[in-house]
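Take a look at the letters that make up each chain.
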Amino acid sequence: MLETRYRAARALPLGALSRSAPAGSGVSVRPAGAEARFSLRARLAAGTAPKLAGLALDAPINTVGTDGEVWLARLGPDEWLVGGPEADADLLQGRIHEALAGLPHSLVDVSHRNVGIDVSGRQAAAVLNAGCPLDLSETAFPPGSATRTLLGKSEIVLIRATAAPLYRVECWRSFSTYVHGFLNEAVFGVEGSAAH
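Taking an unreviewed UniProt entry as the reference, the protein is identified by name as Sarcosine oxidase, gamma subunit belonging to Methylorubrum extorquens.

This is how it looks when you write it as structure tokens:
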């Protein structure tokens, strides 16, 4: 039986730094709420990939799947970043161990290490491209994409789970103020170029 552990309330590092985008800017940058996040490493033999919350572990590298609550980003041949509701952290951890029972794997809770920042709106890709070298066009980075990359001087994981122009920037807590500030400055740049 899974025991639920007591979890201390999380103090979000970006707290009230949410910025309302000016009318007509076409973009919004806001800190994501607290989530449970796990770094999963496992070597799966071909044809033996179990499912986690209905999401296939053998999905192609640089993709993300979601069931609406839990998301699963495959970042490498044996590496995934898993996220879900903070209140269900212990249950999610138990489901992962259950799905991988008997298979060698490593599961590390990185909930306090990672911070999410959501960038949304019609100019979201332009804001990200102010510091991210990836081609974020529909063909190169379609819905269901996830990858490690850089934003300015910080390593991030960039996730686009849905068809809406909504991107999740996952970064380490120690870089979150820099990344959030960078994105907000990029909003001004996009607004300025749109005005000319």
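There is more to say after this.
> Would you take a moment to explain the overall build of the protein for this structure?
Looking only at helices and strands, the protein has three helices and 12 strands in total. With the model as given, the accessible surface of the protein reaches about 9,900 Å², and the carbon-plus-sulfur share is 57%.

> Where do I start with the layout of surface pockets in this structure?
A water-sized probe, rolled over the atoms, reveals where empty space remains. Of the volumes computed, that of the largest pocket is approximately 280 Å³. What lines the largest pocket is E35, T66, G68, E69, W71, D118, I159, A161, T162, L166, Y167 and R168. With three residues, the top contributor of residues to the lining of the largest pocket is strand β12 (residues 166–172). Of the residues that constitute the lining of the largest pocket, the class distribution is five nonpolar, three polar and four charged. As a volume, the second largest pocket reaches approximately 240 Å³. At the level of secondary structure, the elements contributing two or more residues to the lining of the second largest pocket comprise β7 (79–85), β11 (154–160) and β12. Its residues placed into classes, the lining of the second largest pocket shows nine nonpolar, two polar and five charged.

> Teacher, can you tell me more about the pairing of strand β10 (residues 145–151) here?
The side chains of a regular strand alternate between both faces of the sheet. Among the seven residues in β10, five count as buried, and that is most of the element. Of the pairings in the sheet, the one linking β10 to β11 comprises seven bridges and is antiparallel in character. Within the sheet, the bridge partner assigned to L151 lies in β11 and is S154. In sequence, β10 turns back onto β11 through a hairpin of two residues, with G152 there showing a positive phi of about 60°.

> Whenever I open this one, the packing of aromatic side chains confuses me. Can you help?
The geometry of an aromatic ring pair is captured by two quantities: the separation of the ring centres and the angle between the planes. A full pass over the atoms with the stated rule returns two aromatic pairs. Judged by centre distance (6.1 Å) and plane angle (55°), the ring pair of Y178 and F182 falls under tilted. Pair noted here: Y178 and F182 are both in helix α3 (residues 176–195), with a separation of four residues, about one helical turn. Given the relative accessible area of 22%, F182 is considered partly exposed.

> Mind showing me how you'd approach the environment of E185 here?
Secondary-structure assignment places E185 in helix α3. As a C-alpha pair, E185 and V127 span 58 residues in sequence and 8.8 Å in three-dimensional space.

> Teacher, can you tell me more about unusual backbone geometry here?
Most of the time, phi is negative for any residue but glycine, and the peptide bond is trans. Residue N62 is not a glycine yet carries a positive backbone phi of 70°. Relative to the elements of secondary structure, N62 occurs in the loop between β4 (55–56) and β5 (63–66). The exposure class assigned to N62 is partly exposed, which follows from its relative accessible area of 34%.

> Which parts of the structure should I look at to understand the pattern of salt bridges?
Oppositely charged side chains may form a pair once their charged atoms are brought near each other. Here the structure, examined in full by the defined rule, presents 11 salt bridges. When the shortest N-O distance is used, the salt bridge between D118 and R168 registers 2.6 Å. Remark: R168 occurs in strand β12 and D118 occurs in strand β9 (residues 114–120); sequence separation between them is 50 residues. One exposure class covers both D118 and R168, and it is buried. A salt bridge links R148 to E155; the shortest N-O distance between them is 3.2 Å. A relative accessible area of 37% means that R148 is categorised as partly exposed.

> Hey, could you run me through the nonpolar core in this one?
In summary, soluble globular proteins display a tendency toward joint burial of nonpolar side chains. Grouped together as the largest cluster of nonpolar side chains are 23 residues, with contacts concentrated most on V119, V127, L128, L158, V169, V179 and L183. Elements with a contribution of two residues or more to this core: β9, α2 (124–128), β11, β12 and α3. Counting residues per element, this core draws most heavily on α3, at five residues. Excluding residues that lie within four positions of it along the chain, V179 makes contacts with I117, L151, S154, I156, V169 and C171. Counting 16 residues, the second largest nonpolar core, distinct from the first, contains A42, L72, L92 and I96.

About the criteria used
Residues numbered from 1 in each chain as written. Predicted model: local features only at pLDDT ≥ 70, side-chain atom pairs only at ≥ 80, totals over all residues. Heavy atoms only, no water. Helix = DSSP H or I, 4+ residues; strand = E, 2+ residues; numbered from the N terminus. Areas by Shrake-Rupley, 256 points an atom, 1.4 Å probe, with all protein chains shown as cover. 1 Å grid on protein atoms, 1.4 Å probe; cavity = no way out; pocket = protein on both sides within 12 Å on 5 of 7 lines; lining within 4 Å. Points joined across faces, edges and corners; volume = space filled by probe spheres on them. Nonpolar A, V, L, I, M, F, W, Y, C, P; charged D, E, K, R; others polar. Buried < 20%, exposed > 50% of the residue type's maximum accessible area, 1.4 Å probe, protein only. Pairing = 2+ DSSP bridges. Phe/Tyr/Trp six-rings, centres within 6.5 Å; stacked < 30°, edge-to-face > 60°. Salt bridge = Lys/Arg side-chain N within 4 Å of Asp/Glu carboxyl O. Core = buried A, V, L, I, M, F, W, Y, C linked by side-chain atoms within 4.5 Å. Contact = heavy atoms within 4.5 Å.

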